[in-house]
Amino acid sequence: MTEPILCTPDETFVLNLGPQHPATHGVLRVKLTMDGEYIVEAEPVLGYIHRMHEKMAENGTFAQFMPNTPRMDYLSALSFNQGYCMAVERAAGIEVPERAEYIRTITVELNRISSHLLWWGAFLLDLGGFTPLLYAFDDREKILDLLEHVTGSRLTYCYYRFGGVYNDIDDEFTTGTREFIKRLRSRMPSLYHDLVTGNIILIKRLRDIGHISPEVCRKYGATGPVLRGSGIEYDVRKNEPYSIYPELDFDIPHYPEGDSMARYMVRMDEIEQSLRIIEQCLDKLPGGPVQAKVPKTLKPPAGDCYAAVEAAKGTFSCRLICDGDKKPYRLKLRSPCFSNLSLFGEIAEGMLLADALAVMGSLDLVIPEIDR
Amino acid sequence: MDTSIWRPILYLIGVMAFAGVNAAWLGWCERKGAGHIQRRIGPKEVGPFGLLQPLADGIKLMTKQLLVPQGVDGILFRVAPVLAMIPAITSMVAIPFSATVHARPIELSVLLIFALASIGMMAILLGGWASNNKYSLISAARSVSQNVAYEIPMLVTVITIVMLSGSMNLEEIALQQQGGFWNWYIFPIAGQSIAQAVIMPISFLIFFTCSVAETNRAPFDMAEAESELVAGHMTEYGSMGFGLFMMGEYLNIVVGACLTAVLFFGGWDSPLPFIPSGVLWFVLKIYLLIFIFIWIRWTYPRTQIYKLLNLSWKILIPFSLAILLLTAVFIKIEGILI
Amino acid sequence: MNEYWRDILYGTKSLFIGLKVTGPEFFKPVITEQYPHFVPVMKERFRGHIELTRNEETGGSNCVVCGMCQRACPSSCITVEGEKPEGSKKKVLTKYILDFTKCSLCGSCVESCNFNAIQFSKEYNLASTNKSDYIFDLVKRLEEKR
């Protein structure tokens, strides 16, 4: 636990962890009031990449907002695709065929693994270890190749449509995915856990650093691995199930310590759980159509709909208010990193600067998603 | 010994050439090593296998503007990078490359090399202080405290070796380890006592860790790699000032590897007696040790400054003092029994 | 006190294990593609900018100038114009301009076309210093491809 340092205003100086910094992933500005090495106050300043996505939704039809969803959190783009599609499908009463649900689950879990791999590499880059980034990218290339084979894009996938997915998957994808699962499982113990997780230098840098208690999480609405690293077993896939998750068998990793090491371990375990989910989906994959019959211009009945999914960073939810027109009246997007970042101001008091950067890395922030 | 005028001149040219080539091409080695550890190729476009890359880097650095910011201490700012290079090149004088290839046999060469290393440490502090920049000063001060903390266990370990061999002359220490790898101080099975074969590897580990920390290499590179905010004491330096600091660092690595080879691995001795010894073995050992330096850098993340100082004061110093005590006891016991 | 010794022993062992992992990686083959010397082949569904599909019989395009792609595009990149020649009921395509500076490769245009007139190309080598290079005239491109 860190205690705040009391000192007179004359002894402190203001340091700008400016919008351009190698350790904040994106354009994030943090105003730090420091007393020597220790942080007295931290204030994140946002808005450097605000692009008015929610307003753009009101200016076009429902289908025209689809390319905006992956541009928010580009690392787990398919979860955002899924959240928006689910909201519109609930509003319009569209039923998604089963094969499409399975394909959606396989691709979204692959995307979750690729997001966690990139987080792992970038986190270690902040801490000074340059090599694990390239090992993670080696595996991530395989995922990107698989998803490119199906969707055609490598990062900002615009693959889901209302009522299903755009293209069907073929045998090359399923065999490739099975090989990828086998390959990643064989590389995890040595390249990921032996090299990094067990390393004494990393343990000394992460254990007991940046303790976040469950009360702080509840106060700021933190979700995702940040919440599960504080001991609370909450996952949208289990607590508010959607899609075919009720039929799948997987665990929710959670650790009670609440320090950076716990959040790190939660994400590593989530990669393993995602591999389990993908295997079960591949075994159970049914045949059938991949897209339901949807009218060209969608006019959902007037109403208020809500859909939440578990993105890689936390709970992503959409609130859609329609008024019978072909454009939405209001689309509200709740981004998980926004709530995760807001608790940084409270926990950073009394920390060393290096520790504060390690904690920000463990929160897994993607700034374009925060600013939307 | 040939006392003509040619010997010192030839050795001067030889030492400068060796130092210059190493300072430049170690950068190439590091980038290639880093590349292959990360499953990619390092530099490859400039020249075959990228061998001319250091030349290209040197030309780039020399053609940049040598900017001297306002408000800096003029003389100290310009002297600091030069002061970082001088001790490393001068230390080459005292190192025995083989029984005959030796720039100048000095009786107290161990003392000379460590005295010069302290000057190199002072260059960092001068560079940081003369930069007129708050963050440079803080990171230079941190780097100096790190260097001081790690010099102590290093010197205590070297005292252990000096006690074992009975002389501070590097050539003498290497001569004591001739005959095969069982005589080398890292694992002296055929040495004075079997008990020493157990503690000397620990001594080597302590010495090696300290030399990694002394040269400011990862995982102890608080001074240079993004000292959380800026580039440490080298922030205000551009072009060749920065180039000199980097070359000084690489030369320090070479000197550290040479010292380790002489103190622990028998200098120019070959591991098996029927293979002739010579300069080639010395060079081979140095480059193997430099490869280990590079290997360590690209494997581990960075430590935190207080944990780094903890490691030195709470772990390395007690262990090295204990080893010193044990070695003294064993030598005394041997002396009484024999 | 116990923890001190445990830390030292565990720490030293973990450091050597780390070296054991990266060491063999040094000797393994390289996994990167040397891009300018070795040009990759794009996958079948790769999304380059759109192009007009060639009708094998007429040699022209399949486009009937319905304007569905223009309406479906979220970024208003597409401009389609056509004219009705005398004696024919269908429109013929005269101008199809794609403003690639705004395109997000979402695929709504390709999906909305009922006549199989546009498809994704495999172009990825599009670097230029001029913005006007990115305003593609797709009809001209179709003729040049002949």
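As the structure is a computational prediction, the values presented were derived from the model and not from experiment.

Peer 1: Break down the overall build of chain C for me, citing the residues and quoting the values.
Peer 2: Helix and strand counts for chain C stand at four helices and five strands. Across chain C, helices and strands are ordered from the amino to the carboxyl terminus as α-β-α-β-β-α-β-β-α. Against the globule reference of 15 Å for 146 residues, chain C gives a C-alpha radius of gyration of 27 Å, more extended than a compact globule. With respect to the three principal axes, the spread of C-alpha positions in chain C is 95 × 35 × 30 Å. Across the 146 residues that make up chain C, the buried fraction comes to 23%.

Peer 1: An account of the sheet that holds strand β1 (residues 13–17) of chain A is needed here, citing residue identities and associated values.
Peer 2: All names here are of chain A. The strand order across the open sheet formed by three strands is β1-β2-β3, and the pairing between neighbours is antiparallel. Each having just a single partner strand, β1 and β3 (38–45) make up the two edges of the open sheet. Mean inter-strand twist for the sheet, computed between neighbouring axes without regard to direction, equals 25°. Here strand β2 (residues 29–35) pairs with β3 via seven bridges, running antiparallel. Looking at β3, one finds that Met34 is bridged to Ile39.

Peer 1: Tell me about unusual backbone geometry, residues and numbers included.
Peer 2: All names here are of chain B. One non-glycine residue, Phe49, adopts positive backbone phi at about 60°. Looking at the secondary structure, you find Phe49 in the loop between α1 (6–37) and α2 (53–62). Residue Asn216 is not a glycine yet carries a positive backbone phi of 55°. Inspection of the secondary structure assignment puts Asn216 in the loop between α7 (194–214) and α8 (239–264). The class of Asn216 is buried, set by 22 C-beta atoms lying within 10 Å.

Peer 1: Explain helix α3 (residues 74–91) of chain B to me, and be specific about the residues and the numbers.
Peer 2: Residue and element names in this part refer to chain B. The end-to-end C-alpha separation of α3 is 27 Å, in line with the 26 Å expected for 18 residues at 1.5 Å each. Within α3, the full set of buried residues consists of Phe77, Ala80, Pro81, Ala84, Met85, Pro87, Ala88 and Ser91. Buried-residue contacts for α3 involve α4 (109–130) and α8.

Peer 1: Quick rundown of the sheet that holds strand β5 (residues 135–137) of chain C? Include the residues and the values.
Peer 2: Residue and element names in this part refer to chain C. Pairing is antiparallel across the open sheet formed by three strands, whose spatial order is β2-β3-β5. The strands lining the two open edges of the sheet, one partner per strand, are β2 (78–83) and β5. Strand-to-strand twist across the sheet, computed as the mean angle between neighbouring axes with direction ignored, equals 15°. With three bridges connecting them, strand β3 (residues 92–99) and β5 associate as antiparallel partners. Directly across from Asp99, in β5, lies its bridge partner Ile135.

Peer 1: Account for the interface of chain A and chain C, with residues named and values stated.
Peer 2: The interface of chain A with chain C comprises 22 residues on the first partner and 22 residues on the second. Among the elements that line the side of chain A that touches chain C, the one with the most residues is helix α5 (residues 131–151) of chain A, at five residues. Partitioning the side of chain A that touches chain C into residue classes produces eight nonpolar, eleven polar and three charged.

Peer 1: I'd love a proper account of the pairing of strand β7 (residues 315–322) of chain A, names of residues and values included.
Peer 2: Residue and element names in this part refer to chain A. Where burial is concerned, most of β7 is hidden: six out of the eight residues are buried. Judged from the eight bridges that link them, strand β6 (residues 303–310) and β7 form a sheet pairing that is antiparallel. Counterpart to Glu310 in the pairing with β7 is Thr315. Between the end of β6 and the start of β7, which pair antiparallel, lie four residues, with Gly314 showing a positive phi angle near 155°. As judged from the five bridges shared by β7 and strand β8 (residues 330–334), these two strands associate in the antiparallel manner. When the bridges of β8 are listed, Leu320 appears paired with Leu331.

Peer 1: Break down the nonpolar core for me, citing the residues and quoting the values.
Peer 2: Soluble, globular proteins show a tendency: their nonpolar side chains are buried together. Counting residues in hydrophobic clusters, the biggest one holds 211 residues, and the most contacted among them are Val88 and Leu365 of chain A, Leu251, Cys258 and Val262 of chain B together with Cys69 of chain C. The element that contributes the greatest number of residues to this core is α8 of chain B, accounting for 16 residues. Among all residues touching Val88 of chain A, those that are not within four sequence positions of it are Phe62, Phe162, Pro300 and Leu320 of chain A.

Peer 1: So, the confidence of the model for chain C: which residues are in play, and what are the values?
Peer 2: Mean pLDDT over chain C: 86, with 99% of residues reaching 70 or higher. Quick note on the complex model: pTM equals 0.90, ipTM equals 0.86.

Peer 1: Tell me what's going on with the environment of Glu172 of chain B, and back it up with residues and numbers.
Peer 2: The topology assignment puts Glu172 of chain B in helix α6 (residues 170–176). The spatial distance from the C-alpha of Glu172 of chain B to the C-alpha of Phe265 of chain B is 13 Å, given a sequence separation of 93 residues.

Peer 1: Mind laying out helix α5 (residues 134–165) of chain B, listing which residues take part and the relevant values?
Peer 2: Here α5 of chain B contains 32 residues, and its C-alpha end-to-end distance of 47 Å stays within 8% of the 46 Å for a straight helix at 1.5 Å per residue. Residue Gly166 of chain B follows α5 of chain B closely and has a positive phi angle near 85°.

Peer 1: How would you sum up the pairing of β2 of chain A? Please name residues and give values.
Peer 2: Within a regular strand, the side chains alternate between the two sheet faces. Residues and elements named next belong to chain A. Pairing of β1 with β2, which is carried by five bridges, proceeds in the antiparallel orientation. The partner of Leu15 across the bridge, within β2, is Leu32. The turn linking β2 back onto β3 is made up of two residues, and Gly36 within it adopts a positive phi angle of 70°.

Definitions and limits used
- Residues numbered from 1 in each chain as written.
- Chains lettered and ligands numbered in written order.
- Predicted model: local features only at pLDDT ≥ 70, side-chain atom pairs only at ≥ 80, totals over all residues.
- Helix = DSSP H or I, 4+ residues; strand = E, 2+ residues; numbered from the N terminus.
- Rg over C-alpha atoms; globule rule 2.2 N^0.38 Å.
- Buried ≥ 20, exposed ≤ 12 C-beta atoms within 10 Å, placed from the backbone.
- Pairing = 2+ DSSP bridges.
- Axes fitted to C-alpha atoms, helices over the stretch in contact; angles between N-to-C directions.
- Expected span 1.5 Å × (residues − 1).
- Contact = placed C-beta atoms within 7 Å.
- Nonpolar A, V, L, I, M, F, W, Y, C, P; charged D, E, K, R; others polar.
- Core = buried A, V, L, I, M, F, W, Y, C linked by C-beta atoms within 7 Å.
- pLDDT = per-residue confidence, 0-100.

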